[in-house]
Number of protein chains: 2
Amino acid sequence: MNSLKQLIRDIPDFPKKGIIFKDITPLLQNPNGLKKITEKISEHYKDKNIDLIAGAEARGFIIGAAVAHKLGIGFIPIRKPGNLPYKTASITYQLEYGTDALEMHKDAVKPGQHILMVDDLLATGGTMAASCRLVESMKGNIVGCAFVIELTFLNGRKALHGYDVFSLIQY
Amino acid sequence: MNSLKQLIRDIPDFPKKGIIFKDITPLLQNPNGLKKITEKISEHYKDKNIDLIAGAEARGFIIGAAVAHKLGIGFIPIRKPGNLPYKTASITYQLEYGTDALEMHKDAVKPGQHILMVDDLLATGGTMAASCRLVESMKGNIVGCAFVIELTFLNGRKALHGYDVFSLIQY
């Protein structure tokens with residue numbers, strides 16, 4: 001995955017001082033970049049009978065929709081509160097300071113469906129863990145959590161204990 | 001496109017009273033739905049030498065990324081202010097009450113590249129017109145503006161005069 005790493009840009013002090021943000025926009029705008037990440041994730045899960053991809057806004061929509069298209073299945077958006085128009089299920093989760101919340105349409109998942117969770121980046125895993133609990137509250141089965149990038153020093157796999165975690169690029 | 005229309009849900013009074021929101025989430029979560037809209041848009045533009053797809057957050061990311069994957073090209077995210085980490089170009093545009101703004105990375109488009117703009121819905125066309133001006137400020141050539149849904153009674157094509165406008169479903 002070294003060729004992919006070359007398409008990821010370090011942005012110091014974003015979104016706040018002391019954080020080095022991994023910018024995947026050069027990877028996404030590269031035709032081989034978007035293609036390669038989509039194919040690698042799809043390849044890993046192609047025999048797992050996945051029914052649906054779920055991804056959280058906003059970057060999770062990009063990776064998730066491309067993987068859903070590649071696998072020939074549908075996509076479920078997980079959104080910040082107030083953005084989904086129909087009846088929603090909601091989950092509140094802890095941040096470093098304060099809380100955040102995510103929503104999903106109540107009819108997005110049917111009981112027993114196999115759901116692959118997709119996002120661009122695994123950091124502390126808080127958003128993904130909350131997304132998984134949201135899907136499970138609707139009786140969906142989480143087949144795995146797939147990421148383009150994993151920041152291993154933040155130990156996000158701990159928050160996702162019990163799930164199959166897959167990442168293409170590690171730092 | 002009647003089969004697609006059956007997968008779109010009317011939500012009265014969202015996001016505010018008097019508006020009937022066209023909810024495409026049932027379409028996106030249907031495997032044939034996401035596949036069909038992606039293929040129809042890609043088919044329309046496949047011989048136009050498109051270099052990149054651009055889409056505005058958040059629903060534009062879903063449709064745009066799927067089309068980019070289908071066409072084997074890259075994707076550029078257009079975002080609300082403060083969400084992009086690198087140097088940005090910005091545009092402010094008029095809403096019914098007040099203004100809004102959109103940003104794009106300054107290195108997202110190279111002069112002369114052929115860009116296909118993609119979004120889920122054409123209403124008044126304000127967001128798309130601003131997105132086009134943003135791409136043109138970086139000397140990109142707009143090949144077309146593609147939408148899943150067009151609300152023809154809002155006459156969004158007027159705001160997009162001079163561009164090739166393509167929509168799959170009309171109301």
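Residues numbered from 1 in each chain as written. Chains lettered and ligands numbered in written order. Predicted model: local features only at pLDDT ≥ 70, side-chain atom pairs only at ≥ 80, totals over all residues. Heavy atoms only, no water.

Engineer: So what about the interface of chain B and chain A? Which residues, and what values?
Structural biologist: Listed per partner, the contact involves 38 residues of chain B and 38 residues of chain A. For the pairing of chain B and chain A, the buried interface totals around 3,100 Å² over both sides, and the portion due to carbon and sulfur atoms is 65%. Among the residues chain B hides against chain A, the three largest losses belong to Gln 29, His 69 and Pro 85 of chain B. Together they make up 22% of the total. The interface formed by chain B and chain A includes two salt bridges. Among the ionic pairs, Asp 107 of chain B bridges to Arg 9 of chain A, the shortest N-O distance being 2.6 Å. Where chain B meets chain A, there are eleven residue pairs in polar contact (both at pLDDT 80 or more). Within the residue set of the side of chain B that touches chain A, elements represented by two or more residues are strand 1 (9-12), strand 2 (20-23), helix 2 (25-29), helix 3 (31-45), helix 4 (59-71) and strand 4 (74-78) of chain B. Looking at the side of chain B that touches chain A, the element that brings in the most residues is helix 4 of chain B, giving eight residues. (Contact = heavy atoms within 4.5 Å. Buried area = accessible area lost by both parts, 1.4 Å probe. Salt bridge = Lys/Arg side-chain N within 4 Å of Asp/Glu carboxyl O. Polar contact = N/O pair within 3.5 Å; in protein donor to acceptor, adjacent residues only side chain to side chain. Helix = DSSP H or I, 4+ residues; strand = E, 2+ residues; numbered from the N terminus.)

Engineer: Lay out the packing of aromatic side chains in plain terms, naming residues and giving numbers.
Structural biologist: Residues and elements named next belong to chain A. Under the counting rule described, the total for this entry stands at six aromatic pairs over all chains. When the ring of Phe 61 is compared with that of Phe 75, the centres are 5.8 Å apart and the planes differ by 80°; the resulting orientation is edge-to-face. Pair noted here: Phe 61 is in helix 4 (residues 59-71) and Phe 75 is in strand 4 (residues 74-78), with a separation of 14 residues, a long-range link. Considered together, Phe 61 and Phe 75 belong to a single accessibility category, that of buried residues. (Phe/Tyr/Trp six-rings, centres within 6.5 Å; stacked < 30°, edge-to-face > 60°. Buried < 20%, exposed > 50% of the residue type's maximum accessible area, 1.4 Å probe, protein only.)

Engineer: Which residues make up the relation of the copies chain B and chain A, and what are the values?
Structural biologist: For the pair chain B and chain A, the relating rotation is 180°, the translation along its axis is 0.0 Å, and the fit reaches an RMSD of 0.0 Å. When the rotation and shift are considered jointly, the pair of chain copies conforms to a two-fold rotation axis. Measuring from the rotation axis to each C-alpha of chain B, the shortest distance belongs to Ala 66 of chain B, at 2.3 Å. The overlap is high: 100% of the interface residues of chain B also sit at the interface in chain A, so the same surface is used on both sides. (Least-squares fit on C-alpha atoms with pLDDT ≥ 70 in both.)

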